Amino acid sequence: MFPFSRVSERTARRLASVFLFASIGLGCWLAGTWIYINRLTLTLPMPEKPKLVEYRAPQSERVSPLLVQYRVDVPGRGEVFPALASAAATDYWPLAILTISNTASRAIVQVVHAEVPEWSRAFEQTVVVGPHATLALKINPYLLPNAFEDHEI
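Visitor: Looking at this structure, how should I read the overall build of the protein chain?
Guide: Broken down by element type, the protein chain carries two helices and five strands. Along the chain direction, N to C, the helices and strands of the protein chain fall in the order α-β-α-β-β-β-β. By sequence separation, contacts in the protein chain at least 24 residues apart represent 59% of the contacts at least 6 residues apart.

Here it is in structure tokens:
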């Protein structure tokens, strides 16, 4: 019996059975919804695998080296490596200016490599010079610490 309640035992059993069936029904509904949504997510169509595409670079004719001209200008009063302590930076930097002139009817790719042995790191840059074009490239290798300690020209 229920000492603090005015509900009869029969009504309490009915309520308990209603709550039991409601709980079982809601649990089944929740399980059915989860299964339905799970099947939806698992049966999504898989995207197609990407197709392999073969790329072949167009065969281009080589540009004759006779159609490419190079000119090196050394701004440091004609010296390759003047003393850094006695001259202004504008007198010696950039170390050199390389001018590439392409007189061919096709663009060219050039790899420029420059270095002052024992004084700088290697400088390397890839440039593309268009047809009938001229490109001026400043050569600025990274100087090593011992380059700043030398006071001779």
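Visitor: Looking at this structure, how should I read the pairing of strand 2 (residues 96-102)?
Guide: Each regular strand shows side chains that alternate between the opposite faces of the sheet. Among the seven residues of strand 2, six are classified as buried, and the element is accordingly described as predominantly covered. As paired strands, strand 1 (residues 68-73) and strand 2 are joined by six bridges and run antiparallel to one another. Looking at strand 2, one finds that R71 is bridged to T99. In the sheet, strand 2 pairs with strand 5 (residues 133-139) via seven bridges, with the strands oriented antiparallel. Opposite S101, over in strand 5, you have T134 as the bridge partner.

Visitor: It is not clear to me how the pattern of salt bridges should be interpreted in this structure. Could you clarify?
Guide: A pair can form between side chains of opposite charge whenever their charged atoms are brought close. All told, the structure shown has two salt bridges when counted by the stated rule. The shortest N-O distance in the salt bridge between E9 and R13 comes to 3.0 Å. A residue pair is termed a helical-turn pair when its members lie 3 or 4 positions apart in one helix, as E9 and R13 do in helix 1 (residues 9-42) at four residues. For E9, a relative accessible area of 37% corresponds to the partly exposed category. In this structure R13 comes out as exposed when scored by relative accessible area, which is 59%.

Visitor: Got a minute to help me understand the nonpolar core in this structure?
Guide: Across soluble globular proteins, nonpolar side chains have a tendency to be buried as a group. V68, A96, L98, I100, I108, V112, A114, F123, V127, V129, L137 and I139 together form the largest nonpolar core, which totals 12 residues. Residues contacting F123, with those up to four places away along its chain left out, are V112, H113, A114, K138, I139, N140 and P141.

Visitor: I tried to follow the environment of N102 on my own but got confused; where do I start?
Guide: Tracing the backbone through its elements, the reader meets N102 in strand 2. Put simply, N102 and P131 are 29 residues apart on the chain and 6.0 Å apart in space, counted from C-alpha to C-alpha. Contacts of N102, omitting those with residues within four sequence positions, involve V63, L67, V68, A107, I108, V129, G130, P131, H132 and A133. Within the structure, the side chain of N102 is placed 2.8 Å from the backbone oxygen of R106, a separation counted as a polar contact.

What counts, and at which threshold
Just so you know, the residues in each chain are numbered from 1, in the order the chain's sequence is written. Given that the model is predicted, a residue must reach a pLDDT of at least 70 before its local features are reported, and side-chain atom pairs must reach 80 or more before they are shown or counted; all residues, however, enter totals for whole chains, interfaces and linings. With hydrogens and water stripped out, all remaining heavy atoms of the structure feed into the side-chain values. In this description a helix means any DSSP run of H or I spanning at least four residues, a strand means any run of E spanning at least two, and both kinds are numbered starting from the N terminus. Residue contacts are counted whenever heavy atoms from the two residues lie within 4.5 Å of one another. When a residue's accessible area, from a 1.4 Å probe over protein chains only, is under 20% of the maximum for its type it is buried; when over 50% it is exposed; and in between it is partly exposed. We call two strands paired when DSSP finds no fewer than two bridges between them. Salt bridges are defined as contacts in which a side-chain nitrogen from Lys or Arg sits within 4 Å of a carboxyl oxygen from Asp or Glu. In plain words, nonpolar cores are sets of buried Ala, Val, Leu, Ile, Met, Phe, Trp, Tyr and Cys residues tied together by side-chain atoms within 4.5 Å. Residues adjacent in sequence count toward polar contacts only when both atoms are side-chain atoms; beyond that, a polar contact is any pair of N or O atoms within 3.5 Å, and within protein one must be able to donate a hydrogen and the other to accept it.

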